[in-house]
Amino acid sequence: MRLRLALRSARVVLGGGVVVATAVAAAAAGGDPFRPSDEVLARPSRDHVFGTDELGRDVLVRILHGGQTALEVSLPPAFFAAAVGIVVGLAGGYFGGLLDEVLLKVTELVLIVPRFLLALVAAALFGGHLWVIALVLGLTFWPHTARLVRAEAIALRERPFVEAAHSVGAADARILVRHLLPFAVPIVVVNGSFQMGQAVLIESGLAFLGLGDPNKVSWGAMLAGAQSYLGIAWWTSVFPGIALGLLVLAVNLVGDGLADVWSLRSTTSGRRRPAGELVIPERT
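Residues numbered from 1 in each chain as written. Predicted model: local features only at pLDDT ≥ 70, side-chain atom pairs only at ≥ 80, totals over all residues. Heavy atoms only, no water.

Peer 1: How would you explain the overall build of the chain if you had to name every residue and give the values?
Peer 2: From N to C terminus, the chain includes 10 helices and zero strands. The order of helices and strands in the chain, counted from the N terminus, is α-α-α-α-α-α-α-α-α-α. Dimensions along the principal axes, computed over C-alpha positions, put the chain at roughly 75 × 45 × 35 Å. Going through the 284 residues of the chain one by one, you find that 45% of them count as buried. In the chain, the share of contacts with a sequence separation of at least 24, taken over all contacts with a separation of at least 6, comes to 71%. On the chain, roughly 14400 Å² of surface is accessible, and the fraction owed to carbon and sulfur atoms is 66%. Where the 23 positive side-chain charges of the chain centre and where its 21 negative ones centre are 9 Å apart. (Helix = DSSP H or I, 4+ residues; strand = E, 2+ residues; numbered from the N terminus. Buried < 20%, exposed > 50% of the residue type's maximum accessible area, 1.4 Å probe, protein only. Contact = heavy atoms within 4.5 Å. Areas by Shrake-Rupley, 256 points an atom, 1.4 Å probe, with all protein chains shown as cover. Lys, Arg positive; Asp, Glu negative; His and termini not counted. Charge placed at Lys NZ, Arg CZ, Asp CG, Glu CD.)

Peer 1: Which residues make up the side chain of T52, and what values go with them?
Peer 2: As for its position among the elements, T52 is in the loop between α2 (10–27) and α3 (59–95). The buried category is assigned to T52, whose relative accessible area is 0%. A distance of 2.7 Å separates a polar side-chain atom of T52 from the backbone nitrogen of A42. Contact partners of T52, with chain neighbours within four places excluded, come to E39, V40, L41, A42, R57, D58, V59, W235 and T236. (Polar contact = N/O pair within 3.5 Å; in protein donor to acceptor, adjacent residues only side chain to side chain.)

Peer 1: Run through the packing of α3 against helix α6 (residues 130–156), naming residues and quoting values.
Peer 2: Closest axis-to-axis distance for the α3/α6 pair is 5 Å, and the angle between their directions is 35 degrees. Crossing geometry of α3 relative to α6 is assigned as right-handed. Of the residues contributing to the contact of α3 with α6, the split by class is 21 nonpolar, six polar and two charged. (Axes fitted to C-alpha atoms, helices over the stretch in contact; angles between N-to-C directions. Left-handed = near helix turned anticlockwise from the far one by under 90°. Nonpolar A, V, L, I, M, F, W, Y, C, P; charged D, E, K, R; others polar.)

Peer 1: Outline the pattern of salt bridges, listing residues and values.
Peer 2: Here the structure, examined in full by the defined rule, presents six salt bridges. In this structure, the salt-bridge partner of D100 is R150, at a minimum N-O distance of 2.8 Å. With D100 in helix α4 (residues 97–111) and R150 in helix α6, this pair connects stretches of sequence that are 50 residues apart. Residue D100 is classed as buried on the basis of its relative accessible area, which comes to 10%. Several salt bridges converge on common partners, so that one network encompasses D53, E54, R57 and R62. (Salt bridge = Lys/Arg side-chain N within 4 Å of Asp/Glu carboxyl O.)

Peer 1: How would you sum up unusual backbone geometry? Please name residues and give values.
Peer 2: You will see that L41, though not glycine, has its phi angle at about 50 degrees, which is positive. As for its position among the elements, L41 is in the loop between α2 and α3.

Peer 1: Could you give me a rundown of the packing of α2 against helix α10 (residues 235–261), with the residues and numbers involved?
Peer 2: Look at α2 against α10: their axes get within 7 Å of each other, and the N-to-C directions meet at 145 degrees. In this structure, the crossing between α2 and α10 has a hand that is left-handed. Together, R11, V12, L14, G15, G16, V18, V19 and T22 of α2 and L246, L247, A250, V251, L253, V254, D256, G257, L258 and D260 of α10 make up the contact between the two elements. Classifying every residue of the contact of α2 with α10 gives 11 nonpolar, four polar and three charged.

Peer 1: Lay out the nonpolar core in plain terms, naming residues and giving numbers.
Peer 2: V59, I63, V200, W219, M222 and L247 are the most contacted members of the largest nonpolar core, which has 19 residues in total. Elements with a minimum of two residues in this core: α3, α8 (172–208), α9 (219–225) and α10. Sequence-distant contacts of V59, that is, excluding residues within four places in its chain, are made with F50, G51, T52, D53, M222, W235 and F239. By size, the runner-up hydrophobic cluster in this structure holds 18 residues, among which are A81, V88, V136 and L137. (Core = buried A, V, L, I, M, F, W, Y, C linked by side-chain atoms within 4.5 Å.)

Below is the structure:
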């Protein structure tokens, strides 16, 4: 039912289409993105649709491989954050007490760490390998997910259907998985889509500063290399910039669309939430 509603949203369909197209194009990407040629800074043509860069490398081939990098650095942290956030949030919100206090303090401790600064330091110390960036992002993404899930668990643990499950002798684990988890999944999916966009921007920012993975093509590194040729080779910066902007916009469109379709928006109107309605804060 929720999937059917999501497919009726223009933003979800448009954004999801761009993400799927990026994944398909990245999976089908061929050629060596690091192979130089004598056609230095060649304009877009039939042989090189997006032109070539300062080393004669095909810009289109590099953009497609950059899509692979963007997906590789955004999907694992989002899934990791979702898994950890669900476990921590449900456990703390449902059981409460000392366990909730301890988990909440740990969550807040990780939440105050500047994410980009931590990624910058980790890349400088251990190299800008994708697994390093993805690990840092995964370890810093989960607290926000955990807080959202915890809020839902607190709101739902006193609901009549939870009390009914207790009355028939259902175990806590069964209640968490069968009754609370389904309410948490939509909010986790929406939040995960926003985190994917953040991951792509952080990786691109590190690559732009020269701290990206040297063995991977990054749109940020392409933009950094194009700075010296803005006046004579516009295509070396415009096309990677469009690719980066489109992907980030697409994942945010998906998140916005799902939030509206599933009624996850917070409201300032003062109305009470209907039973079981999930709420996600407005993005800033």
